[in-house]
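What follows is each chain in one-letter form.
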Amino acid sequence: TGLDFPLDGDGKRSTTGLNQGAFAAAVKAHSKEAYEAAVAEKKWRFGYVKHVVKQTQLASAKEETALGIARDGLEYLHSNMQFCRGGETMALKDAMGKFQGSFESVEIKGQGTLNRTFEVPYKGRTLSGDELNLQIHSWLQRGVIELDTAAALCKVAETPEWMDLSDHTFVLFGAGSAMGPFPILMALGAHVVAIDLPRPQIWQRLIATARASPGKLTLPLTEKAPSDASDAQLAALAGCDLLRQTPEVRNWLRGVCGTGRVVLGAYCYADGPLFVRVSMAMDAIIADLVENLKEKPVIAYLCTPTDAHVCTASSKQAAQDNLRKAPAWQAMLSAVMKFAKMGLAPNRIKEDQSSSLPVVDAIVKEQGPNYCLAKRLQHWRAILSRSKGSKVSSNVAPATATASVVSNKSFALAYKGMHHFKPMEVFQGETSNAVMLGLLVNDLRNPLSAGRPENHLQNPMQLFTATAFHGGAWRTGYKFSTIGPCSAVAYIIASMLVPCWLVIYSSLQMMGWSWALFLIGSQGAASAEETISKFTYFQIAEVIHAVLGMVPSSPLTTAMQITSRVGAVQVVACASSSASRSAMLPWMTLFYIAWSVTEVIRYLYYALNTAGVQVAPLTWLRYSTFLLLYPAGVTGELGTVFTALPEMAAKATEPCGLSSSCGTLPAFLVKATFAGVLVIYALGFPMLFGTMLGQRKKVLRRLKDASKEKKTK
């Protein structure tokens, strides 16, 4: 009973046949080659992606092609999807005109206070005002969003009067959806007409939210409720089935949305073939209301980032740049993963010969052709409705770690590791809901919004380019569809293996420098020379850590620091005469002690912090002892080099076997090198010391705030 796929020749309801047929029918009148390729595809489940990309490229060429593809695709779906009731089967478009039933209604008015501030929950904080603007610009600079997206969100943040939505009625299909804006709309005083399944637990939650808000909620009821009905009784009567009661839902909405500013928001989601069915039910209702309401409604969708979209020219260039700058470990990991056919592929954004608009392919094949068709038919309805005078809000939303997504362990691991592929960021549901609501408000209020039909677009497909919050999917160096497996492996390595190694490495260094310190105290600095030399050379591993992205340090800065350490150790090793040793000893002792104490504290701090253990006194030592030890170490290093200089210069003047005067230039270079080192230390010391003071202030302030918060609790 209800809306379903058509029967095939074997009497089965084939999802593949309709799916393939819809994409083929959409392009039939516009490209013989694309049509024949779609029809000839033998394994549509595994080969559908290239046909969806081709359809997007064709649509991006001309306005009439885009609208023609949308019209033909929707006509095919509405003619072939079937509606069954009472033993009778008919086309969906015929069923919408046949049945006349409806629902009862009840309104719930909230008692809350309207807050007109645009707020975005993000990583445990609620951002607004200047803080929110800074975060928006951070997302922009990193490539998580596009320029017009940042401008739109900032405009909403600085225009609080836009946030009063009491002048709009929002019909929410899937009001209880995790990605739906229901709680925020209610908080902004909107009138929400809720559509969801007849499940009391859903309606109890929606009713409770409405009671605490300044908004108004209208519910569909299966029968008239008593005037004194409790919320529990209302929840038991509320709800409707879009698949079985598609015409009745449409009839009811015609009654409750007769006048005023209406927004039709399609937020239902389901897995597999069910998503196509429910999307078709929403589309049938939306298409009818667009044609029959007195004032044309606004249509609102959430576009998925895992689709083929016309993107910006700057995102195309950024993808190329990010591929070039990708860390070496990603290529190494890809080479290994290719043995399992899970390697990375470059994000080569395509341009069709007939179009100058770039198309990014971020389709994840594993999501399946049904998911793709369900989202694609929303694209088709959006551009057709806009061409007929309706406002449309259809912004690309970021990858979001909703409960339904992360319940899949593979997806959960991939999402946790995706940040390794710059500029990708996966968002929590509350953040995605807030930013997408902000973009919806921009489309409703901003006269320059691309969703308004009076604003010219080069091509209708640019509706989905405008104000896209793609989360980095358009700009990542590697194709979005290929980074999932590598992200999962990267997360396992980065969250488990790398920390283990870093704890082991830091512990070994801490023990080595502790032994050096013991030798200095018990037998003198000379006895610690070999130990200090070995563990200094061992520090070269830190350059590798930085290059591989195992730590956030700059590879260049780390290499410079380690090189200076190795140079000082090498000077001690080269100056072997008793005179030089005697002269160097006080200076050598000074920097050996400074180094050893510093490294014992530093590596103990790193080992514990990497293991998740924070010790406040150790943090204080880590960021305070340098006040004495850093100047002492620099003084000892310079003193050691200066006292070793005569012997090193003398060695440099010894004949090399080629000429008796060959050593003259090296001697000069040795002395000039010391002068150069002196200049570098003189210039670099104040800058580095100042940076360390700034870090100390920041860390100790954080430590103090954490201590106060702990005492308060």
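None of these values were measured; they are calculated from a predicted model.

A. Just the sheet that holds strand S2 (residues 82-85), in detail. Strands sit in the order S1-S2-S3 across an open sheet of three strands; the sheet is antiparallel. Looking along the sheet, the strands with just one partner apiece sit at the ends: strand S1 (2-4) and strand S3 (88-91). Recorded for the sheet is a direction-independent mean angle of 30° between the axes of neighbouring strands. Pairing analysis gives three bridges linking S1 to S2, with the strands arranged antiparallel. From the neighbouring strand, Asp-4 faces S2, where its bridge partner is Gln-82.

B. Quick look at the sheet that holds strand S8 (residues 191-195). The seven strands lie next to each other as S4-S9-S8-S7-S10-S11-S15, forming an open sheet whose pairing is mixed. Looking at which strands have only one partner, the edges of the open sheet turn out to be strand S4 (104-109) and strand S15 (392-396). The mean inter-strand angle of the sheet, taken between neighbouring strand axes irrespective of direction, is 20°. Where S4 and strand S9 (residues 216-221) come together, six bridges link them in antiparallel fashion. In the sheet register, Ile-108 faces S9, and the bridge partner there is Leu-217. Running over the sheet, helix H9 (residues 200-211) touches S4, S8 and S9 and is turned about 155° from S9. Packing against the sheet, helix H18 (residues 429-445) makes contact with strand S7 (168-173), strand S10 (261-266), strand S11 (298-303) and S15, and its axis sits at approximately 145° to S15.

C. Geometry of unusual backbone geometry. Of note, the bond from Lys-422 into Pro-423 is cis; its omega dihedral lies within 30 degrees of zero at 0°. Of note, Pro-423 is situated in the loop between helix H17 (409-417) and H18. Residues other than glycine seldom take positive phi values, yet Lys-123 does so here, at roughly 50°. Looking at where Lys-123 falls in the secondary structure, it is placed in the loop between strand S5 (120-122) and strand S6 (125-127). Judged by its relative accessible area of 67%, Lys-123 is exposed.

D. Local environment of the pairing of S7. Buried residues dominate S7, accounting for six of its six residues. By the bridge criterion, five bridges tie S7 to S8 in an arrangement that is parallel. Looking across to S8, one finds that Thr-169 is bridged to His-191. Remark: the S7/helix H8 (residues 182-187)/S8 crossover connection has right-handed handedness.

Thresholds, definitions, all that
Residues numbered from 1 in each chain as written. Predicted model: local features only at pLDDT ≥ 70, side-chain atom pairs only at ≥ 80, totals over all residues. Heavy atoms only, no water. Pairing = 2+ DSSP bridges. Helix = DSSP H or I, 4+ residues; strand = E, 2+ residues; numbered from the N terminus. Axes fitted to C-alpha atoms, helices over the stretch in contact; angles between N-to-C directions. Contact = heavy atoms within 4.5 Å. Buried < 20%, exposed > 50% of the residue type's maximum accessible area, 1.4 Å probe, protein only. Right-handed = clockwise from strand over helix to strand, strands pointing away.

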